[in-house]
Amino acid sequence: MNLKEEIEKLKKEKNAVILAHYYQYPEIQDIADYVGDSLGLSQKAAETNADVIVFAGVHFMAETAKILNPEKQVLLPDLNAGCSLADSCPPDQFEAFIKEHPGHTVITYVNCSAEVKALTDIVCTSSNALKIVESLPKDEPIIFAPDRNLGKYIQKETGRDMVLWDGSCVVHEAFSLDKLLELYKKHPDALIIAHPESEEHILKTANYIGSTAGMIDFVKKHPKKKFIVATEVGILHKMQQEVPDAELIPAPVQEDNTCACSECAYMKVNTLQKLHDCLKNGFPEVNVPTSIRERALLPIERMLKLS
């Protein structure tokens, strides 16, 4: 029996579901019950009937699943699957930041720790951030954290004045504008699509800005068949499956790495073998203390209701 067959067998035995993010390795995406972005994964986690959730993603995503499903076992193939953006917002510093700006509604991007979510009024994802900000009264002061690039993009789109926490994602800040423009010269017939976590100078070049799910949807519906994609390269696997006749070109990064594209090292610590092992052994398990879980649940539920 090969690894994939063993995983399928274990899934049935344990009544387990595998949720995977678009940035996971292709072989993990292919065996997952659901592949999606942060919003889609949160929604699936909220509605699953499985006893065990294997989260092929990063730590904050598994935490979100646990917050929504305290009675279920939530497994993460590798506990080292962290997030540079979540790390850029330590809870104690963020709590002090909130106290410095009293009277503000706190909106945090889902890419943060459970402790930070517990300090939050509403959670958002890149899919619904604009909708959530626009759902608040125009004169309501807002703190937005932890991603400053997403925050700046929302400010530009909505005209809202928001206090931004100074955090960022190393993956989405790795794109090189010079290299992107050089690449575009070679492919002037391509459309540039970008994730809103990218820096402003990259977003200015984009024909479309959206979440990972939004980018896939855009490519599926657009008559053009050539795209330069500015987000983590893992998205290309699912995107190519959805539009097999399209030419997809990863946006180049500043560093000369092996793939000449942007890869999230945290996402890539999960492997098929580790996924199999965690399902078989029932660990590493992700838990959230009850006091934090109960406070973090409210802003997540507000997000899901607004979505």
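To be clear, the structure that these remarks concern was listed above.
## Describing the pattern of salt bridges
Stage number 1. Enumeration according to the criterion identifies 13 salt bridges in this entry.
Stage number 2. Here Lys-226 makes a salt bridge to Glu-247, at a shortest N to O gap of 3.9 Å. Taken together, the residues Lys-226 in strand E11 (residues 226-230) and Glu-247 in strand E12 (residues 247-250) connect sequence positions 21 residues apart.
Stage number 3. Relative accessible area serves as the criterion here: at 14%, Lys-226 is assigned to the buried category.
Stage number 4. The class for Glu-247 is partly exposed, based on a relative accessible area of 39%.

## With respect to helix H9 (residues 148-158)
Stage number 1. Every buried residue belonging to H9 is among Asn-149, Leu-150, Gly-151, Tyr-153, Ile-154 and Thr-158, and all of these are buried.
Stage number 2. Its side-chain oxygen placed 2.9 Å from the backbone nitrogen of Asn-149, Asp-147 serves as the N-cap of H9.
Stage number 3. Among the residues trailing H9, Gly-159 stands out with phi positive, at a value near 75°.

## Describing the environment of Ile-122
Stage number 1. Mapped onto the elements of the fold, Ile-122 is located in strand E6 (residues 122-124).
Stage number 2. Judged by relative accessible area, Ile-122 falls into the buried class, the value being 8%.
Stage number 3. Among all residues touching Ile-122, those that are not within four sequence positions of it are Val-106, Ile-107, Thr-108, Ile-132, Leu-136, Pro-299, Arg-302, Met-303 and Leu-306.

## Focus on the sheet that holds strand E3 (residues 52-56)
Stage number 1. Across the sheet, which stays open at both edges, the four strands sit in the order E2-E1-E3-E4 with parallel pairing between neighbours. A strand with exactly one partner marks an edge of an open sheet, and here the two such strands are strand E2 (34-36) and strand E4 (73-75). Averaged over all neighbouring strand pairs, the angle between strand axes comes to 20°, with direction disregarded.
Stage number 2. Bridge count for strand E1 (residues 16-21) against E3 is five bridges, and the pairing is parallel. Bridged to Leu-19 within E3 is Phe-55.
Stage number 3. Sheet strands touched by helix H3 (residues 38-47): E1, E2 and E3. Its angle to E1, the strand with the most contacts, is close to 170°.

## Thoughts on the pairing of E1
Stage number 1. Burial analysis of E1 places six of its six residues in the buried class, which makes it a mostly covered element.
Stage number 2. Neither face of E1 is left uncovered, since the one carrying Ala-16, Ile-18 and Ala-20 and the one carrying Val-17, Leu-19 and His-21 both have all their residues buried.
Stage number 3. Pairing of E1 with E2 involves three bridges; the strand directions are parallel. Each residue of the ladder has a partner; that of His-21, found in E2, is Gly-36.
Stage number 4. Considered for its hand, the β-α-β crossover made up of E1, helix H2 (residues 26-31) and E2 is right-handed.

Rules behind the numbers
Throughout, residues of each chain are indexed from 1 in the direction in which the sequence is written. Whole-chain, interface and lining totals are the exception, using all residues; otherwise, since this is a predicted model, local features are given only for residues with pLDDT of at least 70 and side-chain atom pairs are given and counted only at 80 or more. In computing side-chain properties, one takes all heavy atoms of the structure into account and sets aside hydrogens as well as water. Definition used for salt bridges: Asp or Glu carboxyl oxygen within 4 Å of a side-chain nitrogen of Lys or Arg. A run of DSSP states H or I qualifies as a helix once it reaches four residues; a run of E qualifies as a strand once it reaches two. Both are numbered from the N-terminal end. Exposure classes here rest on a 1.4 Å probe applied to the protein chains alone. A residue is buried below 20% of its type maximum, exposed above 50%, and partly exposed in between. In protein, a polar contact requires one atom able to donate a hydrogen and another able to accept it; more generally it is a pair of N or O atoms within 3.5 Å, and residues adjacent in sequence count only if both atoms are side-chain atoms. Contacts are assigned to residue pairs that have any heavy atoms within 4.5 Å of one another. Note on pairing: DSSP must find at least two bridges between two strands before they are called paired. In this analysis, axes come from line fits to C-alpha atoms, helices being fitted only over the stretch in contact, and the angle between any two N-to-C directions falls in the range 0 to 180 degrees. Classification remark: right-handed applies to a crossover when, strands pointing away from the viewer, the course from the first strand over the helix to the second runs clockwise.

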